[in-house]
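Single-letter residue listing:
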Amino acid sequence: MDPEYIKWVQHVFVDLFNKGLIYRGKRMVNWCPKTLTAISDEEVIPTPQKSKLYYMRYAVAGEPGRFVEIATTRPETLMGDTAVAVNPNDKRYADLVGKTAVRPFPETEIPIIADEHIDPEFGTGVLKVTPAHDKADYEIGLRANLEIIDVLHPDGRINCPECPDLDGLDRFEARDKATEKLESMGLLDKVDDYENTVGFSERGHVPIEPRLSMQWFLKYPSVKEATDAVAHNNIVMRPERWRKTYLHWMENIQDWCISRQLWWGHRVPVWYQKEKAGALKNAESLDSSHAADLHVSTEPPTDPENWVQDDDVLDTWFSSWLWPFATMETVDQHLDPENNPDATSRCFYPTSDLVTGPDIIFFWVARMIMAGFEYKKELPFKNVFFTALIRDIQGRKMSKSLGNSPDPLDLIAKYGADGLRFGLMRIAPLGTDVRFDEKQIEEGRNFANKLWNAARYRQMVGDNQELTANSQLLTASLSIYDLDILAKLDDLATNLETAYTNYRFNDVGQLLYEFFWSNYCDWYLEAVKNNFKPDADPKRKTATLTVMDTVLSRFLQHLHPFMPHITEELWEKMGYGNGNDFLMLTPAVGDSAVPAIADRCPNPDQARQQVEAIYQSARVLRNLKAEYNVAANKNIRFIIPSTETAPWSEQELSTLALLTGAKEIATDPSFQADKGTPSALTPIGQLFMPLEGLIDVEAEKSRLNNELAKVEKEFSKAQAKLNNPNFVERAKPEAVTKARADLASWTEKREQLNAMITSLH
RNA sequence: GCGCGGAUAGCUCAGUUGGUAGAGCACCUGGUUUACACCCAGGUUGUCGGGGGUUCGAGCCCCUCUCCGCGCACCA
């Protein structure tokens, strides 16, 4: 309702009127008897109903005792019947055509006609024609030049003074009353249960009434251009399948009934000459050829006393469809840019992406494309991203009337705005609807909490230092864990870019979540905790802090669009903005930062492999501890009975001990394992876990055999694959290479496990 | 009637050119080692809706059936 926006709405109305595309006419429209207004086809919701099919008889005039049987769902409109129709090819009734039938009340003779529309298979093959109250009947009426008798008031009550017992009754009460009357006259044969689909008013929630009414209509502009734009992928829809839906609608487009009989809305900018107003309003049609008697303008007439403005307002989408440009420039700027230099500075038209729901693809998207092209001679956007619809846990669409929509404010109170936002983004897949489950929002809150605590930890272990991440990184002595997490941070940036490019926002959420929770918190932070012990090397501590700041600050940048509040808060509290820059105003990572790792270490792969070996070993050893129920025992020692521990330094082994919750990992070439000492095969070799008094040869044998069984299974699978000549010949080379590597790895594990089992004997 | 989705662990859902089925929650076991119990470690869980086909190989491709959802048309 901004004054400038109102001007646009009026300008477009006037323009389309002058182009002959807007006209006023008496047409069959969808009428809502509850809200007392016309509505568009798109606002009619077809709803399956359990109703009745009434079989009744009309007497054939002049042939006493002869009747035609008619099946109808709406006996209450019988007073508006002006014909009875059969299919011209229906031999059963061929002799009746041209005769007349007797409408029982108000009693009169009506013609029996033939029309192609009648389906001989339906009911009795005979249709009562009520041109005022059915769209198809209206068409038949036009073809046969039938009289039109309107027997309903706008609110759905019967308007038929000739039948006092029906007059004034609600349409559904009248249905029963009319049935009773027919029955008492002996004209009702039977009533069958019947399931049909009835159009309901989207807002009024009552069956709509097809009604002959004076309304304003629009013949859509720029239809061809809007169709071609999508057909030729100048506008790309995601998911792509909506394209077909769009094109189907565009190819069968109908004129749009744009007038509404409501109090609120943009008023139709049309004034009628006072003395001719009555006649003009009831004219069969009005268009630009009547311009002389009308004032159609964005400005009211200068002599208002001589004019009467049209009472109707416009469909709400008649203003919405102008949104891409009407929000960007005023009509004056549009029409006369030279004298309104602001026009270019404010106008972001076209934009790149429209994000919306597929339920308004016709209401809004299609119409914006048409209006955009019509007024800007250019398409309004290049991509349309249709989000998923969030349904309730039972799969129902959320709606006010069902009351199944959670209040966002309640959710925000419980989980925080960022938690809600992140939770939703993580379940926003490309292409399908999703059931809303509060658990998923809880996950968002937990993630925010995790982030907060990780930042707190950073503050706990070291002073807040001014972050000059890149230069400090270059001089720091980085551990393999540092290199590993920085390389993963680089990977994250790359993967996020891909996900964004493909509009896979749930992937973005997943990538952010996994990197931070798993890679950074669960592994990296745990692996570097030794560096904060009192006796740790200060240089190593500084390097670790620098890496933590690098990861945290970049991660906050990556996460910011998904969790704007907490990231902004931490950005400030951690001092990453140097006390003056908002994170919101900081260029995105891809625009500003060099890759974290590339300059420092051109080939981090070796470090990554070493780290993976340590982490994988930690998993195996944790597992071993769990299997022997000593997971909580911090005094456990692991022994490597070999000197061949290179490249594993004391430091890496102590990190591994930290990660496994063990006292130490010791190399001891002289170690002689007692038979039955639990041991495990890890990427860094075979490790023993001596347990005082807990040695049980049989238990250990059975455990190792279990493990061997799994390995054997994988081994045979890999072997079978490579023994298949078809695979080796036809599969992709990468697949074959990988299969060979797998087989080699399983072979080795198999041999080692066998050796371990043999040593128990 | 025409068209479009969906059916994968108990639940909500990922699974990107066909190549050893995943996440979170739930559940079970153990854990308060000074970031986090909104947490940590470990574990259990699948005839990938049914049937058929193509292929060396199918959750993924083709055909068919069943069920759920959506759009369009019709509905006397």
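Below is a short write-up of the structure. Computed from a prediction, not measured in an experiment: that's the story for all the values here.

### A look at the nonpolar core
Counting 76 residues, the largest nonpolar core has Phe-516 and Tyr-520 as the members making the most contacts within it. Listed by contribution, the elements that provide at least two residues to this core are α14 (438-461), α16 (480-501), α17 (505-527), α18 (538-559), α19 (564-573), α21 (605-627), β23 (637-640) and α22 (650-660). In terms of residues, this core owes the most to one element, α17, which gives twelve residues. With sequence-adjacent residues up to four places away left out, Phe-516 is seen in contact with Phe-447, Lys-450, Leu-451, Ala-454, Cys-521, Leu-552 and Phe-555. By size, the runner-up hydrophobic cluster in this structure holds 61 residues, among which are Trp-249, Met-250, Leu-286 and Leu-354.

### Re the sheet that holds strand β17 (residues 307-309)
Sheet architecture is open: three strands sit in the order β16-β14-β17, paired in antiparallel fashion. The open sheet is flanked by β16 (294-296) and β17, the only strands paired with a single partner. With strand direction ignored, the average angle separating the axes of adjacent strands in the sheet is 25°. Pairing of strand β14 (residues 270-273) with β16 involves three bridges; the strand directions are antiparallel. Residue pairing for β16: Tyr-272 is matched across the bridge by Leu-294.

### Focus: the protein's contact with RNA strand B
Contacts to RNA strand B come from 56 residues, most closely from Ala-71, Glu-443, Trp-517, Glu-714 and Arg-730. One of the side-chain N or O atoms of Trp-517 is found 2.4 Å from a phosphate oxygen in RNA strand B. Glu-714 has a polar side-chain atom sitting 2.3 Å from a base oxygen of RNA strand B. At twelve residues, the largest contribution of residues to the surface near RNA strand B is made by α14. A class-by-class count of the residues in the surface near RNA strand B yields 20 nonpolar, 14 polar and 22 charged.

What counts, and at which threshold
Residue indices follow the written sequence of each chain, beginning from 1 at its first position. Chain A is the first chain written and ligand 1 is the first ligand written, with later ones labelled in order. In view of the model being predicted, local features appear only for residues whose pLDDT reaches at least 70, and side-chain atom pairs are presented and counted only at 80 or more, with totals across whole chains, interfaces and linings using the full set of residues. To obtain the side-chain values, all non-hydrogen atoms of the structure were used and water was disregarded. Throughout, nonpolar core names a set of buried Ala, Val, Leu, Ile, Met, Phe, Trp, Tyr and Cys residues whose side chains join them through atoms within 4.5 Å. The buried label applies to any residue whose accessible area, calculated with a 1.4 Å probe on protein chains only, is under 20% of its type's maximum; exposed applies above 50%, and partly exposed to all values in between. Under the DSSP-based scheme used, a helix requires at least four consecutive residues in state H or I and a strand at least two consecutive residues in state E, with every element numbered from the N terminus. When checking whether two residues touch, look at their non-hydrogen atoms; a contact exists if any pair is within 4.5 Å. Only strands joined by at least two bridges in the DSSP assignment are considered to pair. Angles run from 0 to 180 degrees between N-to-C directions of axes, and those axes are lines fitted to C-alpha atoms, restricted for helices to the stretch in contact. Note on definitions. A residue lies near a molecule or strand when any single heavy atom of the residue is within 4 Å of it. Under the rule applied, a polar contact is a pair of N or O atoms within 3.5 Å (in protein, one hydrogen donor and one hydrogen acceptor; residues adjacent in sequence only if both atoms are side-chain atoms). Three categories are distinguished: nonpolar for Ala, Val, Leu, Ile, Met, Phe, Trp, Tyr, Cys and Pro, charged for Asp, Glu, Lys and Arg, and polar for the others, with Gly belonging to the last.

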